[in-house]
Amino acid sequence: MFRYYRTLLVFISLTFFIQVLYSIVKLRIRKQQDYYGTLRNTLDKSLQQLTTSVLRPNNAAAILNVRTANHIKVSSQHVAAKLRETLPRNITVNTTRNNVKKPDTFINASFIETLNFSVPDVAVYFNLSECKISSTNNVVKNSVKYQVNVNTTLSSYTEIERKHAADIHFGGHWYPSDCQAKQRLALIICYRQREQHLKMFLNHMHLFLKQQKLDYTIIVVNQHGNESFNRGALFNVGFIEAIKLYPFTCFIFHDVDLLPEDLRNIYKCDSRPKHMSVAVDKFNYKLLYPALFGGVTAFHTDDFIQANGYPNVYWGWGNEDDDMYFRVIKNLKKNITRYPIEITRYKMIRTHGHKSGKRNPHRDTILHSKYNYSLDGLNTIQYNLHQIRLYHLFVLVNVSLIEESYEQIRNRLNIVKKSKKNR
């Protein structure tokens, strides 16, 4: 009789163990499917908005070809490769590839020839707990705990890579190994001939962003050619090329000469577009005016699409940031948000002889014309894509832009030409 009960007990225990194991495996598969589904839905939603909200049938200048990707098949093998296969690769917005010979830049910076963009191993990553970061509401005056030492010493790429790149994937992509980041951040830099500033930026930002436990990628959009610099257009290019690499959920558009000084200034997106560089040392750490929306700004993917991105019509220095502020107010029907001024402190790099671009003489006329924002932005961006290269510390997107004259811009935006009497 005792042997019978012992056998029965072993059988019941084994049955219970199998049921528990089955439940764990089932939950694991469900979590994995949910993770993949979230990534797929993020991409689908963004691409759908690009084709419906931004690109309008009556706008013949906008061309967007999107191939529907295959559904993700959950597999325990080659998970990262399967995820990459689903990412859109052939979005074209008035874009042509031009493999002209380019001048040598970023000498001694490591890179790979393939576009093998690394993603987290979701077989492990989705089981990690969510990363915890310090609250930005915790404002303590004179607190040194969160202050960041801004080092503007110029280092070589080799030195920066030796210091920071051991756990960074090619393309400047890093994500924590001990927790799961809530957002996927693309940090977009508009760039032209400021390599010394870029080195300082990379040396500072990789350590800063790692400390905030973010899934982030640094993308440098270089304007090739002799056309006037166009900050807004480069940000639009960066957004479009970034969503081909990875299902980013948060975009931060960043000047290369601004370095954050406080770790509580979390590089994440909120429910409203956010102005991050509120207090800059050049301006005595004060906000110059309430509508200021330049330097560093943060957008959820959906918000950036609904705003129709940055304007493309400001060639040279000035007003693309103010234009973007009005797009948020009028297109999104939202107000911008800011962290407290004690937190949003930035140091501006003012060394190595950089000079601002020439002021656009028509910038105020365009800004105050009250033109229809559907006539310019993500849906009208035109550029020649020369190269995408995965450097160890960043993604390089090398493009040239097609510059419009003011008369072309005025006609396209239906800006009424003022008579001499009204001037």
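Our subject is the structure that appears above.
Residues numbered from 1 in each chain as written. Predicted model: local features only at pLDDT ≥ 70, side-chain atom pairs only at ≥ 80, totals over all residues. Heavy atoms only, no water.

Draft legend 1. The overall build of the protein chain, seen in detail. Secondary structure summary: the protein chain contains 10 helices and 13 strands in total. Per-residue burial for the protein chain yields a buried fraction of 52% across its 423 residues. A separation of at least 24 residues holds for 85% of the contacts in the protein chain among residues at least 6 apart in sequence. Total accessible area on the protein chain stands at roughly 21,400 Å², and carbon and sulfur atoms take up 52% of it. (Helix = DSSP H or I, 4+ residues; strand = E, 2+ residues; numbered from the N terminus. Buried < 20%, exposed > 50% of the residue type's maximum accessible area, 1.4 Å probe, protein only. Contact = heavy atoms within 4.5 Å. Areas by Shrake-Rupley, 256 points an atom, 1.4 Å probe, with all protein chains shown as cover.)

Draft legend 2. Focus on helix α8 (residues 320-330). Here α8 lies mainly inside the structure; 8 of its 11 residues are buried. Within α8, the full set of buried residues consists of Glu320, Asp321, Asp322, Asp323, Met324, Tyr325, Arg327 and Val328. Looking at the buried side of α8, the elements it contacts are α6 (231-242), β10 (296-300), α7 (301-306) and α9 (363-367).

Draft legend 3. Main features of the sheet that holds strand β9 (residues 279-280). On the basis of which strands lie adjacent, the open sheet formed by 3 strands has the order β7-β11-β9 and mixed pairing. Pairing within the sheet leaves two strands with one partner each, and these edge strands are β7 (258-260) and β9. As judged from the 2 bridges shared by β9 and strand β11 (residues 345-348), these two strands associate in the parallel manner. Its bridge partner being in β11, Val280 is matched across the sheet by Tyr346. (Pairing = 2+ DSSP bridges.)

Draft legend 4. Inspection of the packing of aromatic side chains at higher detail. Across all of its chains, the model carries 25 aromatic pairs by this definition. Taking the centre distance of 6.1 Å and the plane angle of 35° together, the rings of Trp174 and Tyr216 count as tilted. Remark: Tyr216 occurs in strand β5 (residues 215-223) and Trp174 occurs in strand β3 (residues 173-174); sequence separation between them is 42 residues. For the pair Trp174 and Tyr216, one class covers both residues: buried. For the pair Phe293 and Phe299, a centre-to-centre distance of 5.8 Å together with 75° between the ring planes defines the contact as edge-to-face. Given a relative accessible area of 0%, Phe293 falls into the buried group. Aromatic ring contacts, followed pair by pair, group Phe117, Phe235, Phe239, Tyr246, Phe248, Phe251, Phe253, Phe293, Phe299, Phe304 and Tyr310 into a single cluster. A cation over an aromatic ring shows up here: Arg345 above the ring of Tyr285, its NZ or CZ 3.7 Å from the ring centre. The residue whose ring lies beneath Arg389 is Phe111, and the NZ or CZ to ring-centre distance is 3.8 Å. (Phe/Tyr/Trp six-rings, centres within 6.5 Å; stacked < 30°, edge-to-face > 60°. Lys NZ or Arg CZ within 6 Å of the ring centre and 35° of its normal.)

Draft legend 5. Structural context of the packing of helix α4 (residues 157-164) against helix α5 (residues 195-211). Direction vectors running N to C along α4 and α5 enclose 0°, while the axes themselves pass 11 Å from each other. Relative to α5, the element α4 is oriented roughly parallel. Residues Tyr157, Ile160, Lys163 and His164 of α4 lie in contact with α5, whose contacting residues are Glu195, Leu198, Lys199, Leu202, Asn203, His206, Leu207 and Lys210. (Axes fitted to C-alpha atoms, helices over the stretch in contact; angles between N-to-C directions. Parallel < 35°, antiparallel > 145°, perpendicular 65-115°, else oblique.)

Draft legend 6. Region of interest: α6. Spanning 12 residues, α6 covers 16 Å between terminal C-alpha atoms, matching the ideal 16 Å at 1.5 Å per step. For α6, the buried fraction is high: 12 of the 12 residues fall into the buried class. Arg231, Gly232, Ala233, Leu234, Phe235, Asn236, Val237, Gly238, Phe239, Ile240, Glu241 and Ala242 are the residues of α6 that are buried. The N-capping residue of α6, defined by a side-chain oxygen 3.4 Å from the backbone nitrogen of Gly232, is Asn230. (Expected span 1.5 Å × (residues − 1). Polar contact = N/O pair within 3.5 Å; in protein donor to acceptor, adjacent residues only side chain to side chain.)

Draft legend 7. Here's a closer look at the side chain of Thr297. With respect to the element layout, Thr297 can be found in strand β10. Residue class for Thr297 comes out buried when judged on its relative accessible area of 1%. Here the side chain of Thr297 touches Tyr310 through a polar contact of 2.9 Å, side chain to side chain. Setting aside residues no more than four positions away along its own chain, Thr297 makes contact with Phe251, Ile252, Phe253, Lys274, His275 and Tyr310.

Everything listed here is a matter of coordinates, which is why it stays silent on function.
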